[in-house]
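# Structure at a glance
One-letter residues, chain by chain:
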Amino acid sequence: MAKPLKAFITGITGQDGSYLAEFLLGKGYEVHGLVRRSSSISTHRISHLIGNPEVLDVSLFLHHGDLGDSSRLVQLMESIEPEEVYNLAAQSHVGVSFEGPENTGDITALGTLRMLEAIRRAGVSSKYYQASSSEMFGASPPPQNEGTPFYPRSPYGAAKVYSYWVTKNYRESYGMFASNGILFNHESPRRGETFVTRKITMAVAKILAGRQKKLQLGNLDAVRDWGYAPEYVQAMWLMMQEDQPDDFVVATGTKYSIRDFLGFAFGHVDLDWEKYVEVDPRFIRPAEVDALVGDHSKMTAATGWHPQVLTPELARIMVDADRQILEHAGSEWIDEPERT
């Protein structure tokens, strides 16, 4: 019997990492995940995979470490020898990157360099996936594709531009199989509670339950291309199955404003969002990104991937999930979402 392929995922406890771990386990991989040691448990998104005989938990291994610790990364690459490495870890919140730009640069940008260098120094022939971001395009007008110039409008976007180019540099300098997945916004019920889509759907659930009266947001006119996270992790895997490494945009090609998302989410439960939403200047960023809309034609031509869940359905999925979460969590769920 052939040995299973081994995959190493940084950011395994996040939205994308948890879905990717599920996906790879379903394909028979042995999955290794990097988790930061902390005083509180942070594995709730993958807790259903741990100790669950239906997913063969013996194939899931968690390792303590951090993208700031290069020696630990080298050690893990030498001991695990993964066939595929997915670098999903980052300080990934755009708003927070303005408050902590140095940390964002260290983890999001230099963390990528450390991971690539660990693979090189360990001498393993791992395929490498870099989680790049539509935020790299920033002020460049849509639609954005692989040839669109980068014009980041945040420390996060700038850090991701560094990650993108250093990944290409290692591919061209050392012959590594290193691909960039330029993913546009992708959401799910596992999205962090400080991100605008989840903040909205949580508010809908709480307003219906009488536990929240108002929702404060920033720029309601920002336009985004929102997709469904479980579909996007499939795209990550498909890139790694290509014969040659390359860079691909993953998006839906559709555009909706935050006002539109509010309409879909509140309208799903027959509420008028304008009665509950207030614009708060605190949530206006120093430099705004007006519109991000992706062209995924290269990805579709190469792999056959195409999006199925679009923004209106996505909003409904998230509202229904948050209503269920609130029903089961009761008073244990926080009464007000953390500000973004």
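Going by the structure above, here's the rest.
Structural notes, computed from the coordinates. Within every chain, residues take consecutive numbers counted from 1 along the sequence as written. In keeping with the model being predicted, local features are shown solely for residues with a pLDDT of at least 70 and side-chain atom pairs are shown and tallied solely at 80 or more, while totals for entire chains, interfaces and linings include all residues. Heavy atoms from the whole structure form the basis of all side-chain values; hydrogens and water molecules are not counted.

## Quick notes on the sheet that holds strand β11 (residues 247–250)
If DSSP finds at least two bridges between two strands, the strands pair. Numbering of helices and strands runs from the N terminus, with a helix taken as a DSSP run of H or I at least four residues long and a strand as a DSSP run of E at least two residues long. Read from one edge of the open sheet, seven strands run β3-β2-β1-β4-β5-β6-β11, paired in parallel fashion. Strand pairing shows two members of the sheet lacking a second neighbour, β3 (60–64) and β11, which therefore form its edges. Going from strand to strand, the sheet's axes swing by 20 degrees on average, the running direction of each strand aside. Along the sheet face, helix α4 (residues 101–122) touches β1 (6–10), β4 (84–87) and β5 (127–133) and points at about 170 degrees away from the line of β5. A fitted line through C-alpha atoms represents every axis, and for helices the fit uses only the stretch in contact; the resulting angles, taken between N-to-C directions, go from 0 to 180 degrees. Residue contacts are defined here by distance: any two heavy atoms, one from each residue, within 4.5 Å place the two residues in contact.

## Here's the deal with the packing of helix α6 (residues 196–208) against helix α8 (residues 258–267)
When two helices pack together, their arrangement is captured by the angle between the axes and the distance separating the axes. At their nearest, the axes of α6 and α8 sit 10 Å apart, and the two run at 30 degrees to each other. Pair α6 / α8 crosses with right-handed handedness. On the side of α6, the interface is formed by V196, T197, I200, T201, V204 and I207, while α8 contributes I258, F261, L262, A265 and F266. Take the far helix as the reference: if the near one is turned anticlockwise from it by less than a right angle, the crossing is left-handed, and if turned clockwise, right-handed.

## Digging into the packing of aromatic side chains
What counts as a ring pair is set by centres within 6.5 Å for rings of Phe, Tyr and Trp (its six-membered ring), and what kind of pair is set by the plane angle: stacked under 30 degrees, edge-to-face over 60, tilted for all other angles. Counted according to the given criterion, the structure contains 12 aromatic pairs. Their ring planes at 90 degrees and their centres at 5.5 Å tell us that Y232 and W305 sit as a pair that is edge-to-face. Highlighted residues: Y232 in helix α7 (residues 229–240) and W305 in the loop between α9 (297–303) and α10 (311–329), separated in sequence by 73 residues. Side by side, Y232 and W305 carry an identical accessibility label, which is buried. Measuring from centroid to centroid gives 5.9 Å for F266 and Y276, while their planes differ by 20 degrees, and the two rings are stacked. Highlighted residues: F266 in helix α8 and Y276 in the loop between α8 and β13 (277–279), separated in sequence by 10 residues. A simple rule labels every residue: compare its accessible area, found with a 1.4 Å probe on the protein chains alone, to the largest value its type can have, and call it buried under 20%, exposed over 50%, or partly exposed in between. Judged by its relative accessible area of 0%, F266 is buried. The partly exposed category is assigned to Y276, whose relative accessible area is 21%. Ring pairing ties together the aromatic residues F137, F150, Y164, W165 and F184, which thus form one cluster.

## Some words on unusual backbone geometry
Omega for the peptide link from P142 to P143 comes to 0 degrees, which places this bond in the cis form. Tracing the backbone shows P143 in the loop between β5 and α5 (155–174). Backbone geometry at E81 places phi at a positive 55 degrees, although glycine is not the residue there. Take E81: it is sitting in the loop between α2 (70–80) and β4. Classification of E81 as partly exposed rests on a relative accessible area of 48%. Non-glycine residue D270 carries a positive phi angle of around 60 degrees. One can find D270 in the loop between α8 and β13.

## So, the packing of α6 against α10
Relative to each other, α6 and α10 sit at 50 degrees, their axes nearing to 8 Å. Looking at the two axes, α6 sits oblique to α10. Note that α6 runs across α10; the crossing there is right-handed. Every residue of α10 that contacts α6 at T197, R198, T201, M202, V204, A205, K206 and L208 is listed here: A315, M318, V319, D322, R323, I325 and L326. A class-by-class count of the residues in the contact of α6 with α10 yields nine nonpolar, two polar and four charged. Any angle that falls under 35 degrees is termed roughly parallel, while one over 145 is termed roughly antiparallel, one within 65 to 115 roughly perpendicular, and all others oblique. In this count, Pro and Cys sit with the nonpolar residues alongside Ala, Val, Leu, Ile, Met, Phe, Trp and Tyr, while Asp, Glu, Lys and Arg are called charged and the others, Gly among them, polar.

## Some details on empty space enclosed by the protein
Of the grid points, spaced at 1 Å and generated over the protein atoms alone, those admitting a 1.4 Å probe that cannot get out make up cavities, while open sets with protein on both sides within 12 Å along at least five of seven lines make up pockets; any residue with an atom within 4 Å of a point is treated as lining. Grid points are joined across faces, edges and corners, and a volume is the space filled by probe spheres set on the points. Tallied over the full model, the rule gives one cavity of 30 Å³ or more. By volume, the largest cavity amounts to about 30 Å³. Residue lining of the largest cavity: V94, F98, E135, R153, S154, R224, R285, A287, E288 and V289, and that is the complete set. Within the lining of the largest cavity, the residues separate by chemical class into four nonpolar, one polar and five charged.

## Considering the pairing of strand β6 (residues 178–183)
Most of β6 sits out of view: six of its six residues are buried. Side-chain alternation along β6 places A178, N180 and I182 on one buried face and S179, G181 and L183 on a second face that is also buried. One ladder, built from six bridges, connects β5 with β6; its direction is parallel. Considered in β6, the bridge of S132 is made with I182. When the strands point away from the viewer, a crossover counts as right-handed if the path from the first strand over the helix to the second runs clockwise. Since β5 and β6 lie parallel, the crossover through α5 that links them has a hand, and here it is right-handed. Across four bridges, β6 lies against β11 in parallel orientation. From the neighbouring strand, G181 faces β11, where its bridge partner is F248.

## Brief notes about the pairing of β1
Taken across its five residues, β1 has four buried, putting it largely inside the fold. Note that the unit made of β1, helix α1 (residues 15–26) and strand β2 (residues 30–35) has a crossover that is right-handed.

## Notes on the nonpolar core
Residues belong to one nonpolar core when they are buried, are Ala, Val, Leu, Ile, Met, Phe, Trp, Tyr or Cys, and are joined through side-chain atoms within 4.5 Å. If you look at the biggest cluster of nonpolar residues, it comprises 33 residues, and the most contacted ones within it are I9, L24, V31, Y86 and Y129. Elements with a contribution of two residues or more to this core: β1, α1, β2, β5, α7 and β11. When residues of this core are assigned to their parent elements, the largest contribution, eight residues, is made by α7. Not counting chain neighbours up to four residues away, the residues in contact with I9 comprise G17, L20, A21, L24, V31, H32, G33, L34, Y86 and L88.

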